[in-house]
Amino acid sequence: MKKALLVIDYTVDFVALDGALTCGPPGVELEEYIVDLTASYIEQQLPVFVINDLHEKDDAYHPETALFPPHNIRDTAGRKLFGKLQELYDVYSEDMIWMDKTRYSAFAGTNLDIQLRARGIREIHLMGVCTDICILHTAVDAYNLGYTIFVHEGGVASFNPIGHDWALAHFTNTLGATVV
Ligand code: ZN
């Protein structure tokens, strides 16, 4: 089955220890796994999507404004990819498809489903943060759209260890995903 890698919200604001909405050390610890798997997809000429939150400054109409501190604001350093993933992107941006999202799910308000369908892709591999927020919501939408889902345990993390463990079980037991 044709497959694609989705790297979700592995940005400075979500991962760096001083990021605006950091998930802390568990996020930083993913760096090597995420960079290695991304590089391997690029090497095999398999599609890699990097899908990142995009927020506008002082957006009173965005539901997250009431829930979280400002993060991933357009044209700020916090929206860059974290660490070596940004270095990889600097070199291979033509082989990585950048996509902006404005909600938790990578499918909400984006053309991700159309982009995957255009490539005949029915199997998606998920990495990034947070396991129990953006990865979870993306996996739920992927389930509803009939995708075969793989979640890379070494490539997902959360600030909330209970939420992380719950989400991993939910992927397997409720969404029929394979946690690898
Ligand atoms: Zn956000």
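Calculation rules
Residues numbered from 1 in each chain as written. Predicted model: local features only at pLDDT ≥ 70, side-chain atom pairs only at ≥ 80, totals over all residues. Heavy atoms only, no water. Axes fitted to C-alpha atoms, helices over the stretch in contact; angles between N-to-C directions. Helix = DSSP H or I, 4+ residues; strand = E, 2+ residues; numbered from the N terminus. Parallel < 35°, antiparallel > 145°, perpendicular 65-115°, else oblique. Left-handed = near helix turned anticlockwise from the far one by under 90°. Contact = heavy atoms within 4.5 Å. Nonpolar A, V, L, I, M, F, W, Y, C, P; charged D, E, K, R; others polar. Donors = N, O, S within 2.8 Å, 3.2 Å for Na, K, Ca; no water.

**Q** I'd like a description of the packing of helix H3 (residues 31-43) against helix H4 (residues 83-92), backed by residues and values.
**A** Where H3 meets H4, the axes come as close as 8 Å, and the angle between the chain directions of the two elements is 20 degrees. When the interaxial angle is binned, H3 and H4 end up roughly parallel. For the crossing formed where H3 meets H4, the hand is right-handed. Facing H3, whose interface residues are Glu 31, Ile 34, Val 35, Thr 38, Ala 39 and Ile 42, H4 presents Gly 83, Lys 84, Leu 85, Leu 88 and Tyr 92. For the contact of H3 with H4, the class distribution of residues is seven nonpolar, two polar and two charged.

**Q** Before we move on, could you go through the packing of helix H6 (residues 131-144) against helix H7 (residues 161-173) and cite the residues and values that matter?
**A** It is the contact of H6 with H7, at a shortest axis distance of 9 Å, that shows an interaxial angle of 15 degrees. It follows that H6 is roughly parallel to H7 by the angle criterion. Handedness of the crossing formed by H6 with H7: left-handed. On the side of H6, the interface is formed by Thr 131, Asp 132, Ile 135, Leu 136 and Ala 139, while H7 contributes Gly 163, His 164, Trp 166, Ala 167, Leu 168, His 170 and Phe 171. Among the residues making up the contact of H6 with H7, the classes are represented as seven nonpolar, four polar and one charged.

**Q** Any chance you could break down the coordination of the zinc ion for me, citing the residues and the numbers?
**A** Those protein atoms acting as donors to the zinc ion are Asp 53 (OD), His 55 (NE2), Glu 64 (OE) and His 71 (NE2), and they sit at 1.9 to 2.1 Å. Here the donor residues for the zinc ion map to a single chain with the spacing D-x1-H-x8-E-x6-H.

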